[in-house]
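Each chain, written out:
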Amino acid sequence: APVVATPAPVVATPAPVVATPAPVVATPEPAPAVALTLRNDGGRSVRATAGRISDGWATYPTAPEDKDWAEWSVTVRGTSTLPPTASFSGSVTVALHSDEGLEKSGFDLEFRCEEATPVPVTPVPETPVPTTSVPETPIPTTSVPVTPMPVPPATPEPVVATPEPIPAVALTLRNDGGRTVRATAGRLSDGWGTYPTAPEDRDWIEWSLTVRGESCVLQFTSFDVEESTACAYDNLEVLGSDGASLGKFCGSSLPPTLMAGGDSFTVVLRSDAGVAGSGFFLDFACAAPAPLTLRDDAGATVAAAATTGTLSDGWATYPTAPEDKDWAEWSVTVRGAS
């Protein structure tokens, strides 16, 4: 009988698939902004990526008579490090020179440093173990047409304009004493390492600072004022917008969290001619003012607490002028500075 050779089945071995993982990029934490002055920080080297530099005097000093000029400088270093070895660093120096002639009111300089460009880190791919796949015999199927359901048109979300928040400020009684500041958030401190005592010919010395806000929360983070019975000597007192005392404090224990209603609060630090402490740090945050509309607030003058907010006409379609008038007019006045 004839011999028939049956060929062996050919099995296709697919090439191994190697998955390349996405590079991992480390994002550095942004550095907080700082407030620096040549008056207090001259000659220092500060590590920061954003902040404000000013001369720190109402009118900067002239050079002494025995010098050609007086010079102050502050160096700001911007640094950002990524794993494993990539890094970016740099610095900029601001120097103010003054001779013994005329002087001006100085400067304010805001700075922001670029962060380092992240370097992707590509892990080493693993070598997969090749496998032999057995081809499957496809099973014929009958497709049933699917009728798509009608999709209703999407209703766009209303666009609400959100006002930019006022940036937090750093205030000190040493530099800002006696001022009224328009701010809704920030940090307030005495500004000295140890606050001064009163001169010998005075019972005490007093500094105060008023911050305009609305429904403010005040929280002390550091406190050290000479302790005495009923805080009769050195003390720190917080006053509300109506002048009423919200509390008078001394000693080294942190005062409680305070709520200041109205449109302002005042912080007063008093020191007699005796012992002095290291001072205080006080964080404050005020609520944003309510939205305003010409429809409801036409003709109104809003208190100075409204340093930021939203103003709108207040109608879906604003009204036209009556037939016996050329136009209709509404106005609202907001008190603020710049």
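Residues numbered from 1 in each chain as written. Predicted model: local features only at pLDDT ≥ 70, side-chain atom pairs only at ≥ 80, totals over all residues. Heavy atoms only, no water.

Undergrad: Explain a negative patch on the surface to me, please; I cannot follow it from the model alone.
TA: On the surface, a cluster of negative charge is made up of Glu65, Asp68, Asp99 and Glu100. Within the fold, Glu65 resides in the loop between β3 (50-54) and β4 (69-81). Look at Glu65 and you get exposed, because its relative accessible area is 75%. (Patch = residues over 30% accessible without salt bridge, like charges linked within 9 Å, V, L, I, M, F, W, Y side chains within 5 Å. Areas by Shrake-Rupley, 256 points an atom, 1.4 Å probe, with all protein chains shown as cover. Salt bridge = Lys/Arg side-chain N within 4 Å of Asp/Glu carboxyl O. Lys, Arg positive; Asp, Glu negative; His and termini not counted. Charge placed at Lys NZ, Arg CZ, Asp CG, Glu CD. Helix = DSSP H or I, 4+ residues; strand = E, 2+ residues; numbered from the N terminus. Buried < 20%, exposed > 50% of the residue type's maximum accessible area, 1.4 Å probe, protein only.)

Undergrad: What am I meant to see in the state of the cysteines here?
TA: Chemically, a disulfide is nothing more than a covalent bond linking the sulfur atoms of two cysteines. According to the stated counting rule, one finds two disulfides in the structure shown. The disulfide partner of Cys216 is Cys286, and the gap between their sulfur atoms is 2.0 Å. Disulfide Cys216-Cys286: the torsion about the S-S bond is 100°, which places it as right-handed. One end of the pair, Cys216, is in strand β11 (residues 216-224); the other, Cys286, is in strand β16 (residues 279-286), with 70 residues separating them in the sequence. Assigned by exposure class, Cys216 and Cys286 land together as buried. Along the protein chain, the cysteines engaged in disulfide bonds are linked according to the scheme 1-4, 2-3 when indexed in sequence order. (Disulfide = S-S within 2.5 Å.)

Undergrad: Just checking my understanding: could you explain the sheet that holds β3 for this structure?
TA: The strands making up a sheet associate through hydrogen bonds between their backbones, and the pairing can be parallel or antiparallel. Taken together, the three strands give an open sheet; going across it, the order is β1-β3-β6, and neighbouring strands pair in mixed fashion. Of all strands in the sheet, those bounded by a partner on one side alone are β1 (34-37) and β6 (108-112). Along the sheet, successive strands turn relative to each other by an average axial angle of 20°, direction set aside. Note: β1 against β3, four bridges, orientation parallel. Within the sheet, the bridge partner assigned to Val34 lies in β3 and is Gly51. (Pairing = 2+ DSSP bridges. Axes fitted to C-alpha atoms, helices over the stretch in contact; angles between N-to-C directions.)

Undergrad: Whenever I open this one, the pattern of salt bridges confuses me. Can you help?
TA: In the structure shown here, the tally under the stated rule is six salt bridges. Salt-bridge contacts for Arg212 lead to Asp263; the nearest nitrogen and oxygen are separated by 3.7 Å. Placement of the pair is Arg212 in strand β10 (residues 204-212) and Asp263 in the loop between β14 (258-260) and β15 (264-272), with a sequence separation of 51 residues. Look at Arg212 and you get partly exposed, because its relative accessible area is 23%. You can call Asp263 partly exposed: its relative accessible area is 23%. Several salt bridges share partner residues, and in doing so they unite Glu206, Glu237 and Arg270 into one network.

Undergrad: How should I be thinking about the sheet that holds β16 in this particular structure?
TA: The strand order across the open sheet formed by five strands is β7-β9-β16-β11-β14, and the pairing between neighbours is mixed. In this open sheet, the two edge strands, each paired with only one partner strand, are β7 (169-172) and β14. The sheet shows a mean angle of 25° between the axes of neighbouring strands, taken without regard to direction. Here β11 runs beside β16; their pairing, made up of eight bridges, is antiparallel. Residue pairing across strands places Leu218 opposite Phe284, the latter belonging to β16.

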